[in-house]
Amino acid sequence: MSNKEVQNFTRKIETGLRLAEKRMLEEKALHDETIVVSRTEGAFEYIPAKEVLATLQ
């Protein structure tokens, strides 16, 4: 693969991941669910999906 092909492939993967994340957050927000976010040193935090979705928009 050429460098341009790798960059194009990488861009497509990143776009797909962002779309999947948004859809997952929308589904969880619809059902008033929370998500688990990893913080520094292995600490975990539970955040309502609606809050995370609001920060993305």
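Conventions adopted
Residues numbered from 1 in each chain as written. Predicted model: local features only at pLDDT ≥ 70, side-chain atom pairs only at ≥ 80, totals over all residues. Heavy atoms only, no water. Helix = DSSP H or I, 4+ residues; strand = E, 2+ residues; numbered from the N terminus. Expected span 1.5 Å × (residues − 1). Axes fitted to C-alpha atoms, helices over the stretch in contact; angles between N-to-C directions. Parallel < 35°, antiparallel > 145°, perpendicular 65-115°, else oblique. Left-handed = near helix turned anticlockwise from the far one by under 90°. Contact = heavy atoms within 4.5 Å. Nonpolar A, V, L, I, M, F, W, Y, C, P; charged D, E, K, R; others polar. Patch = residues over 30% accessible without salt bridge, like charges linked within 9 Å, V, L, I, M, F, W, Y side chains within 5 Å. Areas by Shrake-Rupley, 256 points an atom, 1.4 Å probe, with all protein chains shown as cover. Salt bridge = Lys/Arg side-chain N within 4 Å of Asp/Glu carboxyl O. Buried < 20%, exposed > 50% of the residue type's maximum accessible area, 1.4 Å probe, protein only.

Student: Which parts of the structure should I look at to understand helix α1 (residues 3–30)?
Tutor: Each turn of an α-helix holds 3.6 residues, which means side chains three or four residues apart point in the same direction. A rise of 1.5 Å per residue sets the reference length of α1, with its 28 residues, at 40 Å; its end C-alpha atoms lie 41 Å apart and thus fit the reference within 8%. Where α1 terminates, the next one or two residues include Asp 32, which has phi positive at roughly 55°.

Student: Help me understand the packing of α1 against helix α2 (residues 49–56) in this model?
Tutor: Relative orientation and spacing of two packed helices are given, respectively, by the angle between their axes and the distance between those axes. Where α1 meets α2, the closest approach of the two axes is 8 Å, and the angle between their N-to-C directions is 140°. As summarised for this structure, α1 and α2 are arranged oblique, according to the angle between their axes. Of the two elements, α1 crosses α2, and the hand of that crossing is left-handed. Within the contact between the two elements, α1 uses Lys 22, Leu 25, Glu 26, Lys 28 and Ala 29 and α2 uses Ala 49, Lys 50, Val 52, Leu 53 and Leu 56. Here the residues of the contact of α1 with α2 are counted per class, giving six nonpolar, no polar and four charged.

Student: Where do I start with a nonpolar patch on the surface in this structure?
Tutor: Together, Met 1, Val 6, Phe 9, Ile 13 and Leu 17 line one region of the surface with nonpolar side chains, adding up to about 540 Å² of accessible area. Following the sequence through the fold, Met 1 ends up in the segment before α1. Judged by relative accessible area, Met 1 falls into the exposed class, the value being 75%.

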